Structures are given as C-alpha cells and as structure tokens.
Amino acid sequence: HPMNQYLLYVAADCSGSMAESGKAQVLAHLLSYVAERVRGQQLPAWCTGVHALAWAATVQHMPLPLEHEPAPLRPEGRADATVFMDALERLLAEARAPLRILLLSDGGVDHVVQKRWQAWRASVAFDMRAVAVGADASRTALEALAGKGHVFEAEDIGIAMQDWESCHPAPVCLADTQQDAW
C-alpha cells in the first residue's frame, strides 16, 4: 500500500538566543543539509516537498533549495509562539497534504508558552520533531513542544528526517509523568 505523503516544513528558530555561541552556524549547516537533500532528491519516501520557515517575532518563508550558502541568519528578537501557531494553522488550512514540522531550535521558550503550545497542539493534526541547536539547548522545552522522544541532536538530523515512519508518538500516560518525577 502506498506510504502516506507529507509536506515537510523545516522551521528555523531565528530568535535572539540563536545568536549565541555558534548556534547560527549550526542552524545554517542544518539548513544546508536539508537543501542538499532537496537538490539531490534524497528525501524520505514520505516527503512530497520541503518548505523552510524562519521564525522569531514573525514567520517568513525561506527559499529552498538554497541557491547558494544560506545568508548568515541574523537572529534577533523573541520567538513569538502565537505568531508561529497562527502561521502553522494557516499552512494546515491551505496544505494539500498533511504536514510534518521539523523545528530547529535551542528551546528558548518559557513555561507559559510551552503550556499554551501543548493545549493548542492537542487541537491540530501534525507530526513534529525538534533538533536541539547548541550545547545549552533546553531539551525539556523542546520535548514540551515536539513530544517525548521526538528531540534529536544536530548531528542526527538525517535520522530525524528518515525514520519518521518507524516511531509513533507515545501516548502521554501517567507512567510517563511519574517517571519524570523520580
């Protein structure tokens, strides 16, 4: 039976914290990796197309594949979750295929935003994974956004893109939350 087809949106966190300690370079490298995959048509079987978004105070489309090395991203401002949620809702409404979101971020979102995001995510249908950018990336925050077991290291972006099919999101159950407490 044919594999389900999805559009992949790679969302790059371009907020101010991404200017620290080489994170912008890592981000550019990750985007180049994705662009290479697009250019060489080495995308996973489920992927019908790739779009890139730059997210901070606004959400902007970035061209892919990049014709040349990505212009150095100039991270600034706060990552506005409301703007991101609105943009994703628009994409979901317009998309001809279901979406998968790959977030490249250091997880610099506060607890309130995480809670709002989780409440919102329960009402929309898309798969999400996150790639932790920077040694100080908050994996806890990224897990709050993408889900348990859906956060990957920067060097594992290939794995994050490829084996999407093999892991289904674990149901959030009491056992999970208790484990965290110990």
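Thresholds applied
One numbering rule holds for all chains: residues counted from 1, following each sequence as written. Residue-level local features of this predicted model are given only where pLDDT is at least 70; pairs of side-chain atoms are given and counted only at 80 or more, and the full residue set underlies all totals for whole chains, interfaces and linings. Processing note: side-chain calculations cover all non-hydrogen atoms of the structure and skip hydrogens and water entirely. Strands are runs of DSSP state E lasting at least two residues, helices are runs of H or I lasting at least four, and both sets are numbered from the N terminus onward. Residue burial is assigned from relative accessible area. The probe radius is 1.4 Å, only protein chains are included, and a residue is buried under 20% of its type maximum, exposed over 50%, and partly exposed in between. The contact rule is simple, with two residues in contact once any of their heavy atoms fall within 4.5 Å. Note on areas: Shrake-Rupley, 1.4 Å probe, and residue coverage restricted to the protein chains presented here. Working definition: a ring pair exists when centres of Phe, Tyr or Trp rings (six-membered ring for Trp) sit within 6.5 Å. Plane angles under 30 degrees give stacked, over 60 give edge-to-face, the rest tilted. Remark: a charge is flagged as sitting over a ring if the NZ atom of Lys or the CZ atom of Arg is within 6 Å of the ring centre and within 35 degrees of the ring normal. Here, a strand pair is defined by DSSP locating no fewer than two bridges between the strands. Here the term right-handed applies to a crossover when the path leading from its first strand over the helix to its second strand runs clockwise, the strands being oriented away from the viewer.

Caption draft 1: Main features of the overall build of the protein chain. Summing up its helical and strand segments, the protein chain has six helices and six strands in all. Starting at the N terminus and ending at the C terminus, the protein chain contains elements arranged as β-α-β-β-α-β-α-β-α-β-α-α. Residue burial in the protein chain is summarised as follows: out of 182 residues, 46% are buried. Contacts spanning at least 24 positions in sequence make up 76% of the contacts within the protein chain whose residues lie at least 6 apart. In the form shown here, the protein chain has an accessible surface area of approximately 9800 Å², with 55% of it arising from carbon and sulfur atoms.

Caption draft 2: Examining unusual backbone geometry more closely. Unlike most non-glycine residues, Ser21 shows phi in positive territory, near 35°. Tracing the chain through its elements places Ser21 in the loop between β1 (6-13) and α1 (23-39). Phi at Gln41 takes a positive value of approximately 50°, unusual for a residue other than glycine. With respect to the element layout, Gln41 can be found in the loop between α1 and β2 (47-55).

Caption draft 3: Looking closely at the packing of aromatic side chains. Applying the stated rule across the entire model yields five aromatic pairs. On the numbers, 5.6 Å between centres and 10° between planes, the contact of Phe84 with Trp117 is stacked. Residue Phe84 is located in helix α2 (residues 81-94), and its partner Trp117 is located in helix α3 (residues 111-121); the two are separated by 33 residues in the primary sequence. One exposure class covers both Phe84 and Trp117, and it is buried. Considering the side-chain rings of Trp120 and Phe126, the 5.7 Å spacing of their centres and the 50° angle between planes classify their relative orientation as tilted. Phe126 matches Trp120 in its accessibility class, with the two residues each being buried. By way of ring pairs, the aromatic residues Trp55, Phe84, Trp117, Trp120 and Phe126 are connected into one cluster. Its guanidinium or amino end placed over the ring of Trp46, Arg100 lies 4.6 Å from that ring's centre, counting from NZ or CZ.

Caption draft 4: Spatial organisation of the pairing of β2. The buried count for β2 comes to seven of nine residues, which makes it a mostly enclosed element. When β1 meets β2, the two strands line up parallel, connected through eight bridges. Within β2, the position partnered with Ala12 by the bridge is Ala54. Alignment of β2 against strand β3 (residues 59-62), held across four bridges, turns out to be antiparallel. Its bridge partner lying in β3, Leu53 is registered against His61. The turn joining β2 and β3, which pair antiparallel and follow one another in sequence, is formed by three residues.

Caption draft 5: Summary view of the pairing of strand β5 (residues 127-132). β5 sits mainly inside the fold: five of its six residues count as buried. Here strand β4 (residues 99-105) pairs with β5 via six bridges, running parallel. Considered in β5, the bridge of Ser105 is made with Ala132. At this point the chain moves from β4, through α3, to the parallel β5, and the crossover so formed is right-handed. Judged from the three bridges that link them, β5 and strand β6 (residues 151-153) form a sheet pairing that is parallel. Within the sheet, the bridge partner assigned to Val131 lies in β6 and is Phe152. Each parallel crossover has a hand, and the one from β5 via helix α4 (residues 139-146) to β6 is right-handed.

Geometric values such as these leave the question of function open.
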